[in-house]
Amino acid sequence: MTTIVLDTLTKRFGDNLAVNAASFTLETGSFTALLGPSGCGKTTILRLIAGFEQPSAGSIHFNGRQVGSPGAMVPPERRSLGIVFQSYALWPHMDVASNVAYPLQARGLGRAAIDERVGAALEMVSLAGFGQRSVDGLSGGQRQRVALARCLVTGTDIILLDEPLANLDVHLRAEMLDVFARLHEKTGATIVFVTHDQSEALALADRVIVLDRGVVQQSGRPEQLYNEPANAMVAGFVGRGMLVSALVSDGRVTLADRPVLVRGQVQGSKAALLLRPENLTLADAGIPAAVVAARYSGAGYDTILQLANGEQVLLTARERLEPGRPVHFAIEDAWIVPG
Ligand code: ATP
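Quick caveat, the model's predicted, so the values are computed rather than measured.

Focus: the overall build of the chain
Helices and strands together make up the secondary structure of the chain, namely eight helices and 19 strands. Dimensions along the principal axes, computed over C-alpha positions, put the chain at roughly 75 × 45 × 35 Å. Put simply, 64% of the contacts in the chain that link residues at least 6 apart link residues at least 24 apart.

What follows is the structure, encoded as structure tokens:
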């Protein structure tokens, strides 16, 4: 099994600093999401781990052995990892079994051994019995599972996935979430996947690394990122919530002259409070605000409220509140965002 260490890893493309001194460890058997907005460097990190790119500075180590640095590179085929691209990269003229068998044939394995391993890999991704089907006739989700099976068939213990759910519709996404979770449980492989979708990262990963402009912003369990974002970027990118500015005096935090119970470090005379909709309720004796807009979301009405100072918060109301209506709200939980 493999532990992957990135040590102050940097990648430049000309003047563009795609990855800027990223350091983190991917523990054996961990399931990690690289999360961030478009262009933040996620795919470049995946490609650096795979060996398709050479670092400009810093290094990558697999089980303590350096595999990538500006001076030396272990080529991708000798890193014994599997990678599933967004495009799936399947052979359209071959059937499912031949696609999955391809890496084993390239290694010269015998027919019986190949058949056995292909069968096991297809079963793992819930495609048992699909071996003779043509790839052309498969749905997006099925194609992706073929690509996954091809990656699993070699027995690799590192799996890299580039935006695994990006091309799938909502129902297939839910199905594939289960496939990935089961696969991780069964193989115990170290899995790293790239996504710009925070809900995907929170749902799948046991560890999420948030990137912005090539820099690691925070690395932690999904619950940590959601409940205790390290800075305003993470607070804004993970989950729904609004930042409002509160005053601090004698270690006590107030918003619109009302005391607020907060988590996090109270410092200085001001604090940026992260308020999430599920922690706000309409309450007669709460903080005064005015309704700006209300949108039906199925579970309730997403309602934007404006405070006297012009800042806004988001709350889920049971009924539609008319814009302009004065209301009061109470805060059940608030996190002081560092920085
Ligand atoms: P997306 O979600 O849009 O795929 P990303 O977070 O995966 O984005 P990267 O693809 O890693 O981001 O790109 C990071 C930065 O490096 C971007 O500014 C991108 O334009 C640049 N970049 C990536 N690959 C190359 C390349 N081969 N040549 C030049 N610039 C590149």
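Regarding the pairing of strand β9 (residues 207-212)
Within β9, six of the six residues are buried, which leaves the element mostly enclosed by the surrounding structure. Two strands pair when backbone bridges link them, and strand β3 (residues 31-35) and β9 are joined in this way by four bridges, in the parallel orientation. Within the sheet, the bridge partner assigned to T32 lies in β9 and is R207. Note: β9 against strand β10 (residues 215-220), five bridges, orientation antiparallel. Considered in β10, the bridge of V210 is made with Q218. Following β9, the chain reverses through two residues before pairing antiparallel with β10; R213 in that reversal takes a positive phi of roughly 45°.

Quick notes on the site of the ligand
In the vicinity of the ligand, the contacting residues are F13, N16, A18, G36, S38, G39, C40, G41, K42, T43, T44 and H196. When contributions to the shell around the ligand are tallied by element, the ones reaching two or more residues are β2 (16-26) and α1 (42-50). The element that contributes the greatest number of residues to the shell around the ligand is α1, accounting for three residues.

Some points on the sheet that holds strand β6 (residues 82-84)
The strand order β6-β7-β8-β3-β9-β10 describes an open sheet built from six strands, whose pairing is mixed. Unpaired on one side and paired on the other, β6 and β10 mark the two borders of the sheet. This sheet shows a mean twist of 15° between the axes of neighbouring strands, independent of strand direction.

Here's the deal with the packing of helix α2 (residues 96-106) against helix α3 (residues 111-124)
Close contact between α2 and α3 brings their axes to 10 Å; oriented N to C, the two are set at 125°. Comparing the axis directions of α2 and α3 gives the class oblique. In this structure, α2 crosses over α3, and the sense of that crossing is right-handed. Contacts from A97, V100, A101, L104 and Q105 in α2 reach I114, R117, V118, A121 and L122 in α3. Tallied by class, the residues present in the contact of α2 with α3 amount to eight nonpolar, one polar and one charged.

Remarks on α2
Residues three or four positions apart in an α-helix share a direction because the helix packs 3.6 residues into each turn. When α2 is considered as a whole, its buried residues turn out to be V96, A97, N99, V100, A101 and L104. Those residues of α2 hidden inside the fold are in contact with α3 and α4 (140-152). Just past α2, the residue G108 takes up positive phi, approximately 80°.

Overview of helix α5 (residues 170-187)
When the terminal C-alpha atoms of α5 are compared, their 26 Å separation across 18 residues agrees well with the 26 Å that a helix rising 1.5 Å per residue should span. When α5 is considered as a whole, its buried residues turn out to be M176, F180 and L183. What you see down the axis of α5 is that its buried residues fit within an arc of 65°, all on one side. When the buried face of α5 is taken as reference, the exposed residues oriented beyond 90 degrees from it are V170, H171, A174, D178, E185 and K186. Taken together, the buried residues of α5 touch α3, α4 and α6 (198-204). Trailing α5 by a residue or two, G188 shows a phi angle of about 65°, which is positive.

Digging into the environment of G131
Locating G131 in the fold gives a position in the loop between α3 and α4. Classification of G131 by C-beta neighbours within 10 Å gives partly exposed; the count is 18. The spacing of G131 and V118 is 13 residues in sequence and 8.4 Å in space, taken between C-alpha atoms. Those residues within four positions of G131 in sequence are excluded, and the remaining contacts are D95, V96, A97, V118 and L122.

Some thoughts on the environment of A290
Tracing the chain through its elements places A290 in strand β15 (residues 280-296). Considering only alpha carbons, one finds A290 and V135, 155 residues apart in sequence, at a separation of 56 Å. Residues contacting A290, with those up to four places away along its chain left out, are L305, Q306, G324, R325 and P326.

So, the nonpolar core
Judged by nonpolar contacts, the single largest core of 95 residues is most densely connected at L34, V100, A149, L160, V210, L273 and L275. If one sorts the elements of this core by residue count, α4 sits on top with six residues. Setting aside chain neighbours within four positions, we find L273 in contact with L243, V244, A246, L255, V260, V262, A334 and I336.

Rules of the game
Residues numbered from 1 in each chain as written. Predicted model: local features only at pLDDT ≥ 70, side-chain atom pairs only at ≥ 80, totals over all residues. Helix = DSSP H or I, 4+ residues; strand = E, 2+ residues; numbered from the N terminus. Contact = placed C-beta atoms within 7 Å. Buried ≥ 20, exposed ≤ 12 C-beta atoms within 10 Å, placed from the backbone. Pairing = 2+ DSSP bridges. Near = placed C-beta within 6 Å. Axes fitted to C-alpha atoms, helices over the stretch in contact; angles between N-to-C directions. Parallel < 35°, antiparallel > 145°, perpendicular 65-115°, else oblique. Left-handed = near helix turned anticlockwise from the far one by under 90°. Nonpolar A, V, L, I, M, F, W, Y, C, P; charged D, E, K, R; others polar. Expected span 1.5 Å × (residues − 1). Arc of directions from axis to C-beta. Core = buried A, V, L, I, M, F, W, Y, C linked by C-beta atoms within 7 Å.

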